[in-house]
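Structural features, examined
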Amino acid sequence: MKEQHKPEADITTHHKNPYEIVKDLIKESVSNLGLNENVYHILKKPMRVMEVSVPVRMDNGEIQNFTGYRSQHNDVLGPTKGGIRFHPSVTLDEVKALSIWMSMKSAILDIPFGGGKGGVIVNPTQLNERELEELSRSYIRSITPIIGPQKDIPAPDVNTNPEVMGWMMDEFDKLRGYNIPGILTGKPLIIGGSQGRIAATGRGVVFTIREAARHLNLDLTEATAAIQGFGNVGSMTAKFLHQLGVKIAAVTDAKGGIYNNNGLDIPKLLEFVNKGNIASEYTEADSISNEEMFALPVDILIPAAIENQVTKETAPKIQARILAEAANGPTTPEGDKILEEKEIFVIPDILCNAGGVTVSYFEWVQNAMNYYWKEDEVNKQLEERMVEGFNRVLDIQKQKNSRMRDAAYTTAIKHLVEAFHARGWVKERMDVE
């Protein structure tokens, strides 16, 4: 049996581990709120973490054994919920951090879920379709004892999609002997998925950008933007910003970037990408590097790729008025300090990209009722949640004259502490100042 080795931690990197970053942010918020340190001790660790082996019989007959994880952060508000990513750089600490961020998102938007996250250390581009299906089924079998519609509800994330969710749901149903559509979200529509789910994260990002522009008196029909990452979230964000009249000057992806000072033709670019091409191969624009894109004089900058992109190296070059964190954890603490000094308005990830978990929640509700909403209804409910969440965070930001990131963590922790109090976990109450 061939062992799939875990990548060693890169000791040369100056980036702080995301789990350490999120623990520091929680510690700071708990201290700023004047709460007992017990609250920090409850929140700093996931309540349950599982490491599993994920054996897959490859086409050459060899069995490769991949390593998978599932982290369940806190279930005080309801079952845990969160995506599954297939990526070679998945680590246990990354999965833990992402599960904590999921708890924060749900708390900000008043969704009755805790945070969960899963991942498998694998490069899915090196597997064919049969091997990928086998990996998906093998992983879900391994974590079956700790998941379920009332326990922990997985969803798609990096390199997973509705098709993968369909395989996983089928495997879980086979093990249980009957249909359980609420076991996971982000499924194909035909087997209980929700309308509007694929566009939900990008749509939510744009709702928060619209509200931030309103707050800053920025006219979006005169505004320019640049987007790092053109996967599902980046491309949907581009589509909806374009519809609001924003001129998108540049887009980058893992292979490079494209730029047009007068604004890229977004409908044409989306058509190009939907044919299986990647954005940076689009020829009707100039090429641009990631570094150059960060330095562009645009109004709105949207990191929609991976963690640790806005760093002490890239942050000084940013000229945008709004930084909308469509990715999870794109800004390092050093980068954050620079953004604060430059008075750039940050829409933090735990608010900005919470549209995905919101529509996942709607999908779970529809599965439980066995009654499905039209897309207009989904989008209307999503807008309401995102705007309420944004205003909740903005109110705290104004009240405490703090950074938006601190205000977002404060909002989430206050909500969680109320639930802790209601269950008798802590003595403090947060419903009064």
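Criteria and cut-off values
Residues numbered from 1 in each chain as written. Predicted model: local features only at pLDDT ≥ 70, side-chain atom pairs only at ≥ 80, totals over all residues. Heavy atoms only, no water. Helix = DSSP H or I, 4+ residues; strand = E, 2+ residues; numbered from the N terminus. Rg over C-alpha atoms; globule rule 2.2 N^0.38 Å. Buried < 20%, exposed > 50% of the residue type's maximum accessible area, 1.4 Å probe, protein only. Contact = heavy atoms within 4.5 Å. Areas by Shrake-Rupley, 256 points an atom, 1.4 Å probe, with all protein chains shown as cover. Lys, Arg positive; Asp, Glu negative; His and termini not counted. Charge placed at Lys NZ, Arg CZ, Asp CG, Glu CD. Axes fitted to C-alpha atoms, helices over the stretch in contact; angles between N-to-C directions. Parallel < 35°, antiparallel > 145°, perpendicular 65-115°, else oblique. Expected span 1.5 Å × (residues − 1). Phe/Tyr/Trp six-rings, centres within 6.5 Å; stacked < 30°, edge-to-face > 60°. Salt bridge = Lys/Arg side-chain N within 4 Å of Asp/Glu carboxyl O. Pairing = 2+ DSSP bridges.

**Comments concerning the overall build of the protein chain**
If you tally the helices and strands in the protein chain, you get 14 helices and 13 strands. On C-alpha atoms alone, the protein chain measures out to a radius of gyration of 21 Å, which is about the 22 Å that the 2.2 N^0.38 rule sets for 433 residues. With respect to the principal axes defined by its C-alpha atoms, the protein chain has extents near 60 × 55 × 50 Å. In the protein chain, which comprises 433 residues, the share counted as buried stands at 59%. For the protein chain, the share of sequence-separated contacts (at least 6 apart) that also reach a separation of at least 24 residues comes to 69%. For the protein chain, the exposed area adds up to about 18400 Å²; of that, 48% sits on carbon and sulfur atoms. Treating the 48 positive side-chain charges of the protein chain as one cloud and the 58 negative ones as another, the clouds have centres 4 Å apart.

**Focus: the packing of helix α1 (residues 18-32) against helix α14 (residues 404-422)**
Where α1 contacts α14, the axes come no closer than 9 Å and their chain directions differ by 75°. Regarding the angle of α1 to α14, the classification is roughly perpendicular. Mapping the contact onto sequence places V22, L25, I26, E28, S29 and V30 in α1 and R405, D406, Y409, T410 and I413 in α14.

**Section: α14**
For α14, which comprises 19 residues, the first-to-last C-alpha distance of 27 Å matches the rise-based estimate of 27 Å (1.5 Å per residue) to within 8%. Among the 19 residues that make up α14, 15 are buried, leaving the element largely enclosed by the rest of the structure. Immediately downstream of α14, the backbone of G424 shows phi near 85°, a positive value.

**Re the packing of aromatic side chains**
In this structure the tally under the stated criterion is eight aromatic pairs. With a centroid separation of 5.6 Å and 85° between ring planes, the pair formed by F113 and Y361 is classed as edge-to-face. Placement of F113 in the loop between α3 (92-108) and β5 (114-121) and of Y361 in helix α12 (residues 355-369) is noted, with a sequence separation of 248 residues between them. Assessed through its relative accessible area of 14%, Y361 is described here as buried. For the pair Y361 and W364, a centre-to-centre distance of 6.3 Å together with 35° between the ring planes defines the contact as tilted. Linking Y361 with W364, this pair stays in helix α12, spanning three residues, or about one helical turn.

**Description of the pattern of salt bridges**
Overall, the coordinates contain 25 salt bridges when judged by the stated rule. D157 serves as the salt-bridge partner of R85, at 2.8 Å between the closest nitrogen and oxygen. With R85 in strand β4 (residues 80-87) and D157 in the loop between β6 (152-156) and α5 (162-176), this residue pair connects regions lying 72 residues apart in the sequence. You'll find R85 and D157 in the same group, each marked buried. E171 is paired through a salt bridge with R137; the nearest N and O atoms lie 2.8 Å apart. With E171 in helix α5 and R137 in helix α4 (residues 129-143), this pair connects stretches of sequence that are 34 residues apart. Salt bridges sharing common partners tie together E133, E134, R137, R141, D170, E171 and K174.

**With respect to the sheet that holds strand β13 (residues 345-347)**
Strands sit in the order β10-β9-β8-β7-β11-β12-β13 across an open sheet of seven strands; the sheet is mixed. Of all strands in the sheet, those bounded by a partner on one side alone are β10 (286-287) and β13. Sheet topology note: the strand β7 (residues 224-228)/strand β8 (residues 247-253) ladder contains five bridges and is parallel. Pairing of Q228 across the sheet is with T252, part of β8. Sheet contacts for helix α7 (residues 232-243): β7, β8 and β11 (300-303); angle to β7, the most-contacted strand, approximately 170°.

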